[in-house]
Each structure stands twice: as structure tokens, then as C-alpha cells.
Amino acid sequence: MLLSEAPRIRRVTIEGNSAVDIGTIRNLMSIRTASWLHPFRKPRLYRGQVDQELQSIESWYRARGYIHVHAEAPVEEVEGGVAIRFRITEGEPFFVSAIRVRGLDDDETRAVTRRFGSQSGRPYSPYRLDADRLLIETYLADRGRPYGRVVPDVEFTGNQVRLEFAVTPGPSVKIGV
């Protein structure tokens, strides 16, 4: 597609956000329109750009506990270009109610859980869950157990989330001894 063939973006609106201000959402987006600060800006809409923006918005919400967020963005032809209306259905936020680690001793459990991104009472994030799993695996590997496995389990009750990590430490490995 040539630059001159891509439609100009005339208007971008955002609807449905009540937990997050519009400025925060706009800062996530690369789609822009001309403004009084940038009157000569002539932004154009390229293939895949709206889908990328939708993924960015949904990922941002999910990282903050809104795991059932849904965003859509119909594009409407208007005089001289297109108008994009981002519609967000936030859903209810989910919070971590408890965290349990099975398979490590008490000292090891304290050592890893104090470095977790997931914390009781804070919003649940599937991204933090995966980072916490990796943190435990790295903890084991750094202590000579590189074959350790961690299987996370997530239990939902209403908007509360209980996290459990089943740890199989694996055998100790010594190199060069």
C-alpha cells in the first residue's frame, strides 16, 4: 500500500472506559489525529494497525486484573478519511486472594514469594503468574536444580483468584565435582 493510498485518520474516540482515564489509554496507542499542537500532522491508517491497538489495550487491562476485558474498534468512512471508535468492555477486576507454594520448604517458599509480582489483595495478572512461575524455576536452577518444574494452578471464586504453584524441585546437579 502506498502512503497516499492509506486513508487519513480524521477522528479517534474511546468509549466504555470507567476504571482508566482516556489519557492513559491514548498513551498506549500509536494511532493519532491532527491536533491544535500538531496541525500539520496527517496520520494515516495502515492495515493491521487497529488490531495492534486493540491487543495493546486488552493486554494493558489484563495486566491490571481485568481478565475479561474486550475491545473492538469499528472503522467508519467519513469525509476525507476514516473515524475509529474504540469501544471497551472492561468487566470486573480480579484480585489475588491467596498464594500457596507446594514442594518447597518454608525458607525457600518465603524466599521466592517475597519476590513475586503476584501478591494477595492485588489485581490478578496472567502475565505476573507466568513471571512468578519462571522466578521459582530460576531460583531452583540457581541452586543446582535445573530440572525443577513448576505447574501453576489458578482457581477462580467470584472475582477472587487463588494461586497455587506445585513445585517438583528435581535432582541436584553438580558439574565438575
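Residues numbered from 1 in each chain as written. Predicted model: local features only at pLDDT ≥ 70, side-chain atom pairs only at ≥ 80, totals over all residues. Heavy atoms only, no water.

*Asks:* I'd like a description of the environment of R110, backed by residues and values.
*Replies:* Tracing the backbone shows R110 in helix α3 (residues 106-113). Taking the relative accessible area as the measure of exposure, R110 reaches 47% and is therefore partly exposed. Residues R110 and R100, 10 residues apart in the sequence, show an inter-C-alpha distance of 11 Å. (Helix = DSSP H or I, 4+ residues; strand = E, 2+ residues; numbered from the N terminus. Buried < 20%, exposed > 50% of the residue type's maximum accessible area, 1.4 Å probe, protein only.)

*Asks:* Tell me about the packing of aromatic side chains, and name the residues and values.
*Replies:* On inspection of all chains with the given rule, the structure shows 5 aromatic pairs. Judged by centre distance (5.5 Å) and plane angle (85°), the rings of Y61 and Y66 are edge-to-face. Judged by relative accessible area, Y61 falls into the buried class, the value being 1%. An aromatic cluster is present here, built from W60, Y61 and Y66 joined pairwise through their rings. (Phe/Tyr/Trp six-rings, centres within 6.5 Å; stacked < 30°, edge-to-face > 60°.)

*Asks:* Describe the packing of α3 against helix α4 (residues 126-142), naming the residues involved and giving the relevant values.
*Replies:* Following both chains from N to C, one finds α3 and α4 inclined at 130°, their axes separated by 10 Å at the closest point. Compared by their axis directions, α3 and α4 come out oblique. α4 is crossed by α3, and the crossing has right-handed handedness. Seen from α3, the contacting residues are E108, A111 and V112; seen from α4, they are L135, I136 and Y139. A class-by-class count of the residues in the contact of α3 with α4 yields 5 nonpolar, no polar and 1 charged. (Axes fitted to C-alpha atoms, helices over the stretch in contact; angles between N-to-C directions. Parallel < 35°, antiparallel > 145°, perpendicular 65-115°, else oblique. Left-handed = near helix turned anticlockwise from the far one by under 90°. Contact = heavy atoms within 4.5 Å. Nonpolar A, V, L, I, M, F, W, Y, C, P; charged D, E, K, R; others polar.)

That's the geometry; what it means functionally is another story.
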